[in-house]
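Chains, contacts and geometry: an overview
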Amino acid sequence: RKQWWKVVTAVDEFEEAASTPVGRLRQVVDAMAVEMHAGLASEGGSKLKMLLTFVDNLPDGSENGIYYALHVGGTNFRILRIQLGGQRSILGHDVERKPIPQHLMTSTSEEFFDFIALSLKDFVERKGDNLQFSQVRGKDLGFTFSFPVKQTSVSSGTLIKWTKGFAIEDMVEKDVVECLQKALSRRGLDMNVAALVNDSVGTLAVGHFLDKDTVAAVVIGTGTNACYLERADAVIKCQGLLTTSGGMVINMEWGNFWSSHLPRTSYDIDLDAESQNPNDQGFEKMISGMYLGDIVRRVIRRMSLESGIFGPLSSKLSKRFVLSTPLMAAMHEDDSPDLSEVAKILEETLDIRDIPLKVRKIVVKVCDVVTRRAARLAAAGIVGILKKIGRDGTGGIAGGRIKGIKSGKMRRTVVAVEGGLYTSYTIFREYLNEAVAEILGEDIAPYVILKVMEDGSGIGAAMLAASNSARS
Ligand code: ADP
């Protein structure tokens, strides 16, 4: 029938516009490497901020003692306590997750950090470390704060802007460690913020603690970001940057990457225009958990407007973010013969009922297109980093080659990956892994290993607190 034909055409068009053949992915790889270069060459030289982290020595496994970490960065707030025993061993590891109350995400910095300090205090008291008399310290705190921060040292930095739905205006351009430290003393907690890190940097730290071949880290959760170990002399915008190791971790803030080679559709354009941060975080809006479900909602809405196959137009379909990414993933991964999970989620979250199996199949198809594109673009981003540091087997781009590595001579290279999309969404993870191998080709792919780091960013921050307190 005509209506059915319209829907099929709409899905085909969407699939075509969102397609990521390997040739296009290679263009994204090149664009990523070029933008990385530009971002390192001058301040504001690229949409990639390529921020200095002042982390020049990654944990090497020798760290010892009890450390705490806080992780603020998305839907959940996490508090961690780890006990390190040297020799790459983690003797103890406790994590507590708490949702951040919605109203605090747009409140004042004082209210926000008071909540965090109180939660930490409660946690420390329950864990029973007597900080005052402790032999193993337990006073040093790593702080993972996954928003763009301009660091001034390994333990200080100012917030550049909010992302992922946060908007505590009085914090922008303030030192986030100072805000936290003040809240800690208001609450009578004698702890010292020894390391301020981005989540991707925390992930890289724990990756390196466990496996010294880890050179980069990627987070794909509510938002997305990446960091990697760069040579200090490649950071052209910071002439004469001296570090003890000759290297420095660079926080790319890759969520803001943009290239004309990205397969952008009309749905992406609408999503961006209606977002809290239009023209910002373009890569993130195609890849991360905050947005994927909403892209699917937009496609279903268009299909529903243009045909009657979803029944009368549901008002829920016009509500932003009603269809979360985990729900979208659950529809995508529905393996029941009649797609009953799809039917249930459509009914419960979108008020769409009694649709035939072939329409449910269309919905699954849309989820697949959105997720596949996201995973493959993230894969291209990862290979872009490897290209920049000469680990993609092509010899790198001019100036980006690491000494001693020539094309054809590959070293084992590990990328640490964290975030709910990669750890909990199996199809996403498979698409991503598959695309990395496809772009690299069969000769190089075996040298590149993606390793899951669950809770890595928090543990890594605690480890960085350890390595930075030991030296101070
Ligand atoms: P953060 O909010 O700090 O990024 P996570 O890394 O745990 O925390 O990522 C959470 C995000 O991952 C959620 O917002 C959601 O979008 C996505 N996510 C979590 N679980 C799943 C899942 N099973 N399927 C798809 N997406 C998921």
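Residues numbered from 1 in each chain as written. Predicted model: local features only at pLDDT ≥ 70, side-chain atom pairs only at ≥ 80, totals over all residues. Heavy atoms only, no water.

1. What to know about the overall build of the protein
Within the protein one finds 14 helices and 13 strands. For 472 residues, the compact-globule estimate of 2.2 N^0.38 gives 23 Å, and the protein sits close to it at 23 Å. A principal-axis box enclosing the C-alpha atoms of the protein has dimensions of 75 × 55 × 40 Å. Within the protein, the fraction of its 472 residues that count as buried is 58%. (Helix = DSSP H or I, 4+ residues; strand = E, 2+ residues; numbered from the N terminus. Rg over C-alpha atoms; globule rule 2.2 N^0.38 Å. Buried < 20%, exposed > 50% of the residue type's maximum accessible area, 1.4 Å probe, protein only.)

2. Some remarks on the confidence of the model for the protein
For the protein, per-residue confidence averages 92 on the pLDDT scale, and residues scoring 70 or more make up 94% of the total. Throughout residues 397–407 the model reports pLDDT below 50, and contacts reaching past four residues in sequence, or to other chains, amount to 22 contacts. (pLDDT = per-residue confidence, 0-100. Contact = heavy atoms within 4.5 Å.)

3. What about the site of the ligand?
Surrounding the ligand, one finds 15 residues, the nearest of these being Thr75, Thr222, Gly289, Gly419 and Gly420. Arg78 places a side-chain nitrogen or oxygen 3.3 Å from an oxygen atom of the ligand. Coverage of the ligand by the protein chains reaches 80% of its 560 Å² of free accessible surface. Secondary structure elements with two or more residues in the shell around the ligand: α9 (325–332) and α12 (420–424). (Near = heavy atom within 4 Å. Polar contact = N/O pair within 3.5 Å; in protein donor to acceptor, adjacent residues only side chain to side chain. Areas by Shrake-Rupley, 256 points an atom, 1.4 Å probe, with all protein chains shown as cover.)

4. Focus: the packing of helix α8 (residues 292–306) against helix α11 (residues 357–388)
At a minimum axis distance of 10 Å, the contact between α8 and α11 shows a crossing angle of 140 degrees. With respect to α11, the axis of α8 lies oblique. Read as a crossing pair, α8 and α11 show a hand that is right-handed. In this structure, α8 contributes Leu292, Ile295, Val296, Val299, Ile300 and Met303 to the contact, and α11 contributes Ile362, Val363, Val366, Cys367, Val370, Arg373 and Ala374. (Axes fitted to C-alpha atoms, helices over the stretch in contact; angles between N-to-C directions. Parallel < 35°, antiparallel > 145°, perpendicular 65-115°, else oblique. Left-handed = near helix turned anticlockwise from the far one by under 90°.)

5. Comments concerning the packing of aromatic side chains
For the structure shown, the criterion picks out 16 aromatic pairs. For the ring pair Phe14 and Tyr267, a centre distance of 5.3 Å and an interplane angle of 90 degrees mean the geometry is edge-to-face. Of this pair, Phe14 sits in helix α1 (residues 2–17) while Tyr267 sits in helix α6 (residues 266–273), and the two are 253 residues apart along the sequence. The exposure classification of Phe14 matches that of Tyr267, with both residues buried. A centroid spacing of 5.0 Å and a plane angle of 65 degrees characterise the contact between Phe147 and Phe166, whose relative ring orientation is edge-to-face. Separated by 19 residues along the polypeptide, Phe147 in the loop between β5 (137–145) and β6 (149–153) and Phe166 in the loop between β7 (156–159) and α4 (176–186) bring together distant segments of the chain. Assessed through its relative accessible area of 1%, Phe147 is described here as buried. Overall, the relative accessible area of 3% leaves Phe166 in the buried class. Grouped by ring-pair contacts, the aromatic residues Phe112, Phe113, Phe143, Phe145, Phe147, Trp162 and Phe166 constitute a single cluster. (Phe/Tyr/Trp six-rings, centres within 6.5 Å; stacked < 30°, edge-to-face > 60°.)

6. Focus on α8
Taking 1.5 Å of rise per residue, 15 residues should cover 21 Å, and α8 covers 22 Å from first to last C-alpha, within 8% of that figure. Restricting attention to buried positions, one finds in α8 the residues Leu292, Gly293, Asp294, Ile295, Val296, Arg297, Arg298, Val299, Ile300, Met303 and Ser304. (Expected span 1.5 Å × (residues − 1).)

7. Here's the deal with helix α3 (residues 109–127)
Along its 19 residues, α3 runs 27 Å from first to last C-alpha, staying within 8% of the 27 Å computed at 1.5 Å per residue. Here α3 has its buried residues at Ser109, Phe112, Phe113, Asp114, Phe115, Ile116, Ala117, Ser119, Leu120, Phe123 and Val124. Looking one or two residues beyond α3, the residue adopting positive phi is Gly128, at roughly 75 degrees.

8. A look at the packing of α9 against α11
The contact between α9 and α11 brings their axes to 9 Å, and the two run at 120 degrees. The angle between α9 and α11 places the two elements in the oblique class. Note on packing geometry: the crossing formed by α9 with α11 is left-handed. Mapping the contact onto sequence places Met328, Met331 and His332 in α9 and Val363, Val364, Cys367, Asp368, Val370 and Thr371 in α11. Across the contact of α9 with α11, the residue classes break down as six nonpolar, two polar and one charged. (Nonpolar A, V, L, I, M, F, W, Y, C, P; charged D, E, K, R; others polar.)

9. What to know about the sheet that holds strand β9 (residues 214–220)
Pairing within the open sheet is mixed, and its six strands lie in the order β1-β11-β10-β9-β12-β13. Only two strands of the sheet have a single neighbouring strand rather than two, namely β1 (51–52) and β13 (448–452). Across the face of the sheet, helix α5 (residues 199–210) comes into contact with β9, β10 (224–231), β11 (247–251) and β12 (413–418) while running at roughly 135 degrees to β9. Set on the sheet, helix α13 (residues 426–440) makes contact with β9 and β13; between it and β13 the angle comes to about 165 degrees. (Pairing = 2+ DSSP bridges.)

10. Some details on the environment of Ala194
Within the fold, Ala194 resides in strand β8 (residues 192–197). For the pair Ala194 and Ala461, spaced 267 residues apart in the sequence, the C-alpha separation amounts to 9.2 Å.

11. Remarks on the nonpolar core
The nonpolar side chains of a soluble globular protein tend to be buried, and buried together. In this structure, Tyr228, Met252, Trp254, Ile300 and Leu432 are the most contacted members of the largest nonpolar core, which totals 93 residues. The dominant element in this core, judged by the number of residues it contributes, is α11, at 18 residues. Setting aside residues up to four positions removed in sequence, Leu432 forms contacts with Ile220, Ala375, Ala378, Ala379, Ile382, Tyr422 and Leu450. Core analysis: the next-biggest nonpolar cluster, separate from the first, contains 37 residues, Phe112, Phe115, Ile168 and Val177 among them. (Core = buried A, V, L, I, M, F, W, Y, C linked by side-chain atoms within 4.5 Å.)

12. Points about the pattern of salt bridges
Scanning the entire structure with this criterion turns up 28 salt bridges. For Asp213, the salt bridge identified is with Lys212, shortest N-O distance 3.9 Å. Judged by its relative accessible area of 21%, Asp213 falls in the partly exposed class. The residue Asp351 makes a salt bridge to Arg353 at a minimum N-O spacing of 3.1 Å. Judged by its relative accessible area of 33%, Asp351 is partly exposed. Overall, the relative accessible area of 43% leaves Arg353 in the partly exposed class. Through salt bridges with shared partners, one network takes in Asp211, Lys212, Asp213, Arg412 and Lys451. (Salt bridge = Lys/Arg side-chain N within 4 Å of Asp/Glu carboxyl O.)

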